[in-house]
Amino acid sequence: MIDSTVNDLAYQLQISPLAFGKKILVLQESLAKQQSDLKANPNQFELKQTIEKNKQQLAECLAIVRWLESPES
C-alpha cells in the first residue's frame, strides 16, 4: 500500500465506520460472485484481473481495520 492509500482508507474508516464496513461487505460479496463466475468460465482473463484487484482492495481495507480498531491501538 502506498501512503496516500493508507491515509485515504484510514480517513474513510474514521469518518464513517459503518460505510467502511459496508464497503468491505460489498467487496466480499463481489469477490464471491466473481469467483463463482470464474469457476463456471475459467478462461476469463479480465475477470481474473478484477478478482485480484478486489482481493487487494479487501486486504488493504482489512489491514486498516486491524491497525486502527485493534485493542492495542
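Quick caveat: nothing in here was measured; it's all calculated off a predicted structure.

Moving on: the nonpolar core. Core analysis: the biggest nonpolar cluster contains 13 residues, and Leu-9, Phe-20, Ile-24, Ile-51, Leu-58, Cys-61 and Ile-64 have the highest contact counts within it. Broken down by secondary-structure element, the contributors of at least two residues to this core are helix H1 (3-15), helix H2 (17-40) and helix H3 (45-69).

All right, on to H3 then. Helix length check: H3, at 25 residues, gives a terminal C-alpha distance of 36 Å against a target of 36 Å (1.5 Å per residue), a fit within 8%. Buried within H3 we find Leu-47, Ile-51, Asn-54, Leu-58, Glu-60, Cys-61 and Ile-64. Among the structural elements, H1 and H2 are those in contact with the buried residues of H3.

In this section: the side chain of Asn-54. Counting through the fold element by element, Asn-54 comes out in helix H3. Not counting chain neighbours up to four residues away, the residues in contact with Asn-54 comprise Leu-27, Leu-31 and Gln-34.

Within this structure, the stated rule accounts for 2 salt bridges. Between Lys-55 and Glu-52 there is a salt bridge whose closest N-O contact spans 3.8 Å. Of this pair, Lys-55 and Glu-52 both sit in helix H3, 3 residues apart, which is roughly one turn of the helix.

Helix length check: H2, at 24 residues, gives a terminal C-alpha distance of 35 Å against a target of 34 Å (1.5 Å per residue), a fit within 8%. For H2, every residue scored as buried is listed here: Phe-20, Ile-24, Leu-27, Leu-31, Gln-34 and Leu-38.

Bringing the packing of H1 against H3 into the picture now. Running from N to C, H1 and H3 point in directions that differ by 65°, and their axes come no closer than 10 Å. The chirality of how H1 crosses H3 is right-handed. Residue-level contacts link Thr-5, Val-6, Leu-9, Ala-10, Leu-13 and Gln-14 of H1 to Glu-60, Cys-61, Ile-64, Val-65, Trp-67, Leu-68 and Glu-69 of H3. Tallied by class, the residues present in the contact of H1 with H3 amount to 9 nonpolar, 2 polar and 2 charged.

The next point concerns the packing of H2 against H3. The N-to-C vectors of H2 and H3 enclose an angle of 150°; their axes lie 10 Å apart at closest approach. Judged on the interaxial angle alone, H3 and H2 are roughly antiparallel. The interaxial crossing formed by H2 with H3 has left-handed handedness. Contacts between H2 and H3 pair Phe-20, Lys-23, Ile-24, Leu-27, Gln-28, Leu-31, Gln-34, Gln-35, Asp-37 and Leu-38 from the former with Leu-47, Lys-48, Thr-50, Ile-51, Asn-54, Lys-55, Gln-57, Leu-58, Cys-61, Leu-62, Ile-64 and Val-65 from the latter.

Cut-off values and rules
Numbers given for residues are sequential positions, taken from 1 along each chain in its written order. Predicted model: local features are reported for residues with pLDDT of at least 70 only, side-chain atom pairs are reported and counted for 80 or more only, and whole-chain, interface and lining totals are derived from all residues. The side-chain numbers reported here are obtained from all heavy atoms of the structure, hydrogens and water having been left aside. Working definition of a nonpolar core: buried Ala, Val, Leu, Ile, Met, Phe, Trp, Tyr and Cys residues. They are joined through side-chain atoms within 4.5 Å. Remark: exposure states derive from per-residue accessible area (1.4 Å probe, protein chains only) relative to the maximum for the residue type, with buried under 20%, exposed over 50%, and partly exposed in between. A run of DSSP states H or I qualifies as a helix once it reaches four residues; a run of E qualifies as a strand once it reaches two. Both are numbered from the N-terminal end. Under the convention used throughout, the expected extent of a helix is 1.5 Å for every residue step, that is, one less than its residue count. When checking whether two residues touch, look at their non-hydrogen atoms; a contact exists if any pair is within 4.5 Å. Any Lys or Arg side-chain nitrogen located within 4 Å of an Asp or Glu carboxyl oxygen qualifies as a salt bridge. Between the N-to-C directions of two axes lies an angle of 0 to 180 degrees, each axis being a line fitted to C-alpha atoms and, for a helix, fitted only over the stretch in contact. Here a crossing is called left-handed whenever its near helix is offset anticlockwise from the far helix by less than a right angle, and right-handed whenever the offset is clockwise. For this scheme, ten residues count as nonpolar: Ala, Val, Leu, Ile, Met, Phe, Trp, Tyr, Cys and Pro. Four count as charged, namely Asp, Glu, Lys and Arg, and the remainder, Gly too, count as polar. Under this scheme an angle from 65 to 115 degrees is roughly perpendicular, one under 35 degrees roughly parallel, and one over 145 degrees roughly antiparallel; angles in between are oblique.

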